[in-house]
Amino acid sequence: MSEDEIQGEGFTVKDRRAFDSKGDIREEFKKAQEGKAREKEKEPKETRGTAPLPEINFSSFLLSLSSSILLHLGEIADPQTGGKKKDLALAKQTIDIIALLKEKTKGNLSEEEGKLLEHLLYDLRMRFVKASE
């Protein structure tokens, strides 16, 4: 039995401290840290240091779709290119998707979700009409 393990009646105690009695880092912790460093290097650069994504619920889904519409209407810049570009066909299609969701979820939404859906749809349709002129 090593000095890191102590046998008792029915249990074993293992020393899990990172440093030994001399204050040096233990070999198994060095290996673990090296393994973590290699894993981090394998991660795609896009996911390193990014903020966690918000919880997915119906409201956040609608807001995501509306952001997509604003992008297609040329009201907000594309986050990758930084440029604004209009694509009215895609904007209309996404507005139609939200209208379809309104129809298919009738009676199954909370009051807040229903109001959000109603207001978003109205606002996005008005923005589409303005962008089409």
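This is a predicted model, so every value here is computed, not measured.

Details of helix H2 (residues 58-72)
Its 15 residues give H2 an end-to-end C-alpha distance of 21 Å, which sits within 8% of 21 Å, the value for a rise of 1.5 Å per residue. Among the residues making up H2, those that are buried are Phe58, Leu62, Leu65, Ser66, Ile69, Leu70 and His72. End-on view of H2: buried residues confined to an arc of 160 degrees, all on one side of the axis. On the buried face of H2, the contacting elements are helix H3 (88-104) and helix H4 (111-132). The N-cap residue of H2 is asparagine 57: its side-chain oxygen and the backbone nitrogen of serine 59 are 3.2 Å apart. At the exit of H2 stands glycine 74, carrying a positive phi of roughly 80 degrees.

Here's the deal with the nonpolar core
Within the largest apolar cluster, 16 residues are counted, with the highest numbers of intra-cluster contacts made by Leu62, Ile69, Leu73, Ile95, Ile98 and Leu124. Within the residue set of this core, elements represented by two or more residues are H2, H3 and H4. Here the element with the most residues in this core is H4; it accounts for six residues. In this structure leucine 73 touches Lys86, Leu88, Ala91, Arg127, Phe128 and Ala131, once residues within four positions along its chain are discounted.

Concerning the confidence of the model for the protein
With 86% of its residues at a pLDDT of at least 70, the protein reaches an overall mean of 84. For the protein, per-element mean pLDDT is lowest for strand S1 (residues 5-7), which scores 58, and highest for H3, which scores 96.

Examining the pattern of salt bridges
Applying the stated criterion across every chain yields a total of five salt bridges. Aspartate 123 serves as the salt-bridge partner of arginine 127, at 2.9 Å between the closest nitrogen and oxygen. Of this pair, arginine 127 and aspartate 123 are both found in helix H4, four residues apart, which corresponds to roughly one turn of the helix. Judged by relative accessible area, aspartate 123 falls into the partly exposed class, the value being 32%. A single salt-bridge network, built from bridges that share partners, covers Glu75, Asp123 and Arg127.

What counts and how
- Residues numbered from 1 in each chain as written.
- Predicted model: local features only at pLDDT ≥ 70, side-chain atom pairs only at ≥ 80, totals over all residues.
- Heavy atoms only, no water.
- Helix = DSSP H or I, 4+ residues; strand = E, 2+ residues; numbered from the N terminus.
- Expected span 1.5 Å × (residues − 1).
- Buried < 20%, exposed > 50% of the residue type's maximum accessible area, 1.4 Å probe, protein only.
- Arc of directions from axis to C-beta.
- Contact = heavy atoms within 4.5 Å.
- Polar contact = N/O pair within 3.5 Å; in protein donor to acceptor, adjacent residues only side chain to side chain.
- Core = buried A, V, L, I, M, F, W, Y, C linked by side-chain atoms within 4.5 Å.
- pLDDT = per-residue confidence, 0-100.
- Salt bridge = Lys/Arg side-chain N within 4 Å of Asp/Glu carboxyl O.

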